[in-house]
Amino acid sequence: MKNNPFSPLSRRRFLQAGGALLAASSLDLLYMKSAVAQAVSQAMPLFSALRPASKGILTAAHWGAFEAIVDQGRMVSVQPVQDDPSPNELIEMAPWQVHADNRIKYPMVRKSWLEQGPGGGRDLRGRDEWVRVSWDKAISLVSNDIRRLQKAYGPSAIYAGSYGWKSTGTLHNSRALLGRMMNLAGGFLGYSGDYSTGAAQVIMSHVVGSMEVYEQQTSWPNVVAHAELVVLWGCNPQTTLKNSWNVPDHVGLEGIEALAKKGTRVISVDPIYTPTAKTLNAEWIAPEAYTDAAMILGIAHTLLTEKRHDEAFLKRYTVGFDKFRACLLGESDGTAKSADWASEICGVEAEKLRALAREMVSKRTMIMAGWGIQRQHHGEQPHWLLVTLAAMIGQIGLPGGGFGFSYHYSSGGSPTARGGILSGVSTGKAPANSPQSVPVARIADCLANPGKHIQFNGKDITYPDVKMVYVAGGNPFHHHQDTNNLLSAWQHPETIVVHEPYWTATAKHADIVLPCTTSYERNDMDMGGDYSQLYVFPMHQCVPPQHEARNDYDIFLAIAAQLGVEEAFSEGRDEMLWLKSLYDNMKAQARNAGVPLPPFSEFWQSGNYIRFPVPEENKNWVRFADFREDPLLNPLGTPSGKIEIFSRTVAEMNYADCPGLPGWLPPHEWHGSDAARKYPLSLNTAHPVNRLHSQLDNTPLRKKYAIGDREAILINPQDAAARGIQSGDVVRAFNERGQILVGASVTGDIRPGVVRISEGAWYDPLDATQPNTLCKNGNVNCLTFDIGSSQLAQGNCGHMAQLEIEKYRGAVPDNTAHALPAGVV
Ligand SMILES: Nc1nc2c(c(=O)[nH]1)N[C@H]1C(S)=C(S)[C@@H](COP(=O)(O)OP(=O)(O)OC[C@H]3O[C@@H](n4cnc5c(=O)[nH]c(N)nc54)[C@H](O)[C@@H]3O)O[C@H]1N2
Ligand SMILES: Nc1nc2c(c(=O)[nH]1)N[C@H]1C(S)=C(S)[C@@H](COP(=O)(O)OP(=O)(O)OC[C@H]3O[C@@H](n4cnc5c(=O)[nH]c(N)nc54)[C@H](O)[C@@H]3O)O[C@H]1N2
Ligand SMILES: [Mo]
């Protein structure tokens, strides 16, 4: 396998670039007005500095690269970089990020923890008093506790995986720096997988031999040129490409525009008529929520029984189709998975499914799937079935055909450039006694149940007894499912340390809170385009650290000093020396690729960014073309070297919730389950248009989407009328696990029976002394359930839950999600 999905470091940073990187192409030399930039351009013709001289300070974020305009130490406005093809309005929130009212100003410790020591008044987390302490005091409290726990229990007692999207920047990567400090301090408990693709990344490694979800895609230009039909399966790139893990290149948004311009036929399979579907004038097919597996089986059955499937492709490139055929025909269980059968489950007319099968096989068809369909119970099945369907169609590896599971993410399909890649600061070597990691979405279960055994991809995992949780760069009170269950699991550890710029719910529920800088208060660099590796952006410091905020780096360095590992942590470098070493490493790679770059000092002083050349053949790159050309010479990373429609490896794990063949396994909750009698509506938690998860919830952008000052809920007019709800009403959404207040948006853009509340609203309990209290801001994870997708992948099920809604008739409480905790200044 090229990628190891279980290494915490394997994620996006080391994306495999597809395609041969050969011929050079000439570069456009654009604006270079400063003297340094001009000198650079003369000396280094390949160094493309694209930015005109301006008053702005060049920096970058998950939402794009931009120039910050600073006036007397305050960031006042921003302007996008010149060659961003589709600038994102989220960048306009940068001044609000820096100067937010709810910045954490000083190091703070929870009163009972401070007075009684670790574990003191754990049940008071979230409502205890806060005590301001000096930085020196805060650093020794944290260091002493790490030392105490390492000595008494060893590294398995410290959960420092710290999942989260932090900010861009390869040096000030809070998560990597936390890992680096903890490894030097004796090791820590980490996690496997992620919240994004928990189910798909594990099953895909068995089916196509790589995680697939983080692979480069057949290029957008190739799709635009060759695809006759694009099927968006739970895929909304126009929204999700706004932001990316590194700095977005927004080339995919150009791809969408080009498809629209060409008038390519597009079908969107989604309970919501998405912005992408609207832009592409797509036909909308809206299945019942969570029933995609059944729907795909119905299409596959049609192809098979009408003999339209590609036998030759299946024979040459796949294994296990014979077993799948038997299953489709019902030879194993007596039920044929016909279009009529599927229609009963997914609510799409059988004739429509048959028509879809015929159209997909008769045109050059690209199936682009998003990831919401796998953030579900049995979430392994839909992507496995889509690969199987694409194999039956037989176009995998052909221009504009097959499937792509990352067109909606970061820069999937943006042609790979030729240059160098910035690596990040490394977490260093884990000590030999480091514990086995825990699947990331099982963390609440782990905290609450030390010693419990679970299965994970063929392995037995035993939960350790976690005494400390350390969070730097993530927000578990937004990202984790079943917030009320998390709240009780959160009472188990003795110490919870959180680094944050803001008083998020996670910070409010910690013991020790350390105020951090935003990325605009420090110097850094990052790549633009996760898959394309098209740019290197400097991130120049725009303003001084606010209040008493410090960089995560400096906090960890101070802790490392107390623990006697300062030198190993810093390697003797300061911020600029670190940046230079990261740059030099990238520069050496670029030189080997024939792209000479200037020395670091010139790059940094020029204030410009680098744009690498894109080789012509990469613009036309086709995923799986090499495999298609010669499956023996270019086998997949599966045991058979082929696409595994049947996986013996998975079958031998013997999991009833993920057998060796893909199929329809009714999920834990759906419209056909018992839960639906009391809670008839199905929840959709699609990612927010105007945020990155919980990031920017505390900015004025919320005026665009909040209704009645709460997170919005999309409700079909039929469901709204049945409950006497109108647009603008405050609504209580609830089930057995929790209740939240949301603001109604009644719209025909969502199918009846489904409601959408986007993930990411900050948790804001009405009465923290009461279990399952109302969340006043609309944190959707109060309603989701916390079980693994299956024993195979243990992915989260954040995109699934049954619920009921009613018009809220009480006095509507103030939203205090973005307020400071009581007594804090
Ligand atoms: N129900 C449901 N739940 C979901 C999802 C869903 O679809 N449905 N989606 C899931 C997915 S895909 C993901 S990736 C997760 C995302 O979950 P997270 O990654 O945890 O979400 P973010 O809101 O990005 O949280 C990042 C936090 O880091 C802080 N931060 C930013 N920069 C810095 C820094 O430099 N230093 C420090 N110390 N902190 C910083 C921010 O203020 C913010 O609080 O949510 C998951 N949860
Ligand atoms: N603007 C913005 N961009 C982002 C993010 C963000 O928070 N905001 N987050 C980033 C991150 S970390 C990630 S992981 C990606 C997430 O990328 P995705 O996981 O693909 O995004 P989602 O919005 O969760 O889901 C995509 C689509 O799936 C649909 N869907 C949900 N359930 C079903 C179902 O049962 N059947 C079908 N057919 N469709 C369904 C939703 O309605 C939605 O339109 O986005 C990234 N980009
Ligand atoms: Mo994600």
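Predicted, not measured: the structure shown is a model, and the values here were computed from it. (Residues numbered from 1 in each chain as written. Chains lettered and ligands numbered in written order. Predicted model: local features only at pLDDT ≥ 70, side-chain atom pairs only at ≥ 80, totals over all residues. Heavy atoms only, no water.)

Colleague: Would you mind going over the environment of Ala801 with me for this structure?
Modeller: Here Ala801 shows up in the loop between β28 (754-756) and β29 (802-807). Residues Ala801 and Ile345, 456 residues apart in the sequence, show an inter-C-alpha distance of 17 Å. Apart from residues lying up to four places away in sequence, Ala801 is in contact with Tyr290, Glu669, Leu681, Ser682, Leu683, Asn735, Arg737, Leu783, Thr784 and Phe785. (Helix = DSSP H or I, 4+ residues; strand = E, 2+ residues; numbered from the N terminus. Contact = heavy atoms within 4.5 Å.)

Colleague: Is there a simple way to think about the site of ligand 1 in this case?
Modeller: What surrounds ligand 1 is a group of 36 residues, the closest being Trp165, Ser167, His479, Glu500 and Ser694. Here Trp165 contributes a backbone N or O atom positioned 2.7 Å from an oxygen atom of ligand 1. Here an oxygen atom of ligand 1 and a side-chain polar atom of Ser694 are 2.5 Å apart. For ligand 1, the protein covers 98% of the area, taking 920 Å² as the surface of the free molecule. Elements that contribute at least two residues to the shell around ligand 1 include exactly α18 (476-479) and β18 (495-500). Partitioning the shell around ligand 1 into residue classes produces 9 nonpolar, 21 polar and 6 charged. (Near = heavy atom within 4 Å. Polar contact = N/O pair within 3.5 Å; in protein donor to acceptor, adjacent residues only side chain to side chain. Areas by Shrake-Rupley, 256 points an atom, 1.4 Å probe, with all protein chains shown as cover. Nonpolar A, V, L, I, M, F, W, Y, C, P; charged D, E, K, R; others polar.)

Colleague: Would you mind going over unusual backbone geometry with me for this structure?
Modeller: In most cases, non-glycine residues show a negative phi, while peptide bonds are predominantly trans. Even without being glycine, Asn457 reaches a positive phi, approximately 50°. In this structure, Asn457 sits in the loop between β15 (453-456) and β16 (459-462). Asn457 gets classed as buried once you look at its relative accessible area, which sits at 12%. At Glu571, a position not held by glycine, the phi torsion is positive, near 50°. Within the secondary structure layout, Glu571 lies in the loop between α22 (566-570) and α23 (575-592). Overall, Glu571 belongs to the partly exposed group, its relative accessible area being 43%. (Buried < 20%, exposed > 50% of the residue type's maximum accessible area, 1.4 Å probe, protein only.)

Colleague: Just checking my understanding: could you explain the sheet that holds strand β21 (residues 535-539) for this structure?
Modeller: Across the sheet, 3 strands lie side by side as β20-β21-β22; this open sheet has antiparallel pairing. Edge strands, defined here as strands with exactly one partner in the open sheet, are β20 (524-528) and β22 (610-611). Pairing of β21 with β22, which is carried by 2 bridges, proceeds in the antiparallel orientation. For Val536, the partnering residue across the bridge sits in β22 and is Ile610. (Pairing = 2+ DSSP bridges.)

Colleague: Which parts of the structure should I look at to understand the site of ligand 2?
Modeller: In the vicinity of ligand 2, 33 residues are found, and the nearest of them are Thr240, Asp270, Asp292, Arg375 and His687. Within the side chain of Arg375, a nitrogen or oxygen atom sits 2.6 Å from an oxygen atom of ligand 2. In this structure, an oxygen atom belonging to ligand 2 sits 2.8 Å away from a main-chain N or O atom of His687. Notes on ligand 2: free accessible area 910 Å², of which the protein chains cover 99%.

Colleague: So what exactly am I meant to see when it comes to empty space enclosed by the protein here?
Modeller: The method is simple in principle: a probe with the dimensions of a water molecule rolls over the atoms, and the space it marks as empty is what remains. Per the counting criterion, the structure on display carries 9 cavities of 30 Å³ or more. Taken as a whole, the second largest cavity holds about 130 Å³ of empty space. Every residue lining the second largest cavity is counted, 15 residues in all, and those nearest its centre are Tyr159, Ile443, Val471, Pro476 and His479. When contributions to the lining of the second largest cavity are tallied by element, the ones reaching two or more residues are α17 (443-448), β17 (468-472) and α18. The greatest single-element share of the lining of the second largest cavity, amounting to 3 residues, is contributed by β17. Residues belonging to the lining of the second largest cavity are distributed by class as follows: 12 nonpolar, 3 polar and no charged. (1 Å grid on protein atoms, 1.4 Å probe; cavity = no way out; pocket = protein on both sides within 12 Å on 5 of 7 lines; lining within 4 Å. Points joined across faces, edges and corners; volume = space filled by probe spheres on them.)

Colleague: Explanation requested: the environment of Thr335 in the structure shown.
Modeller: As for its placement among the helices and strands, Thr335 is situated in the loop between α13 (321-328) and α14 (339-346). Look past the residues within four positions of Thr335 in its chain and what remains in contact with it is Cys327, Leu328, Gly330 and Trp341.

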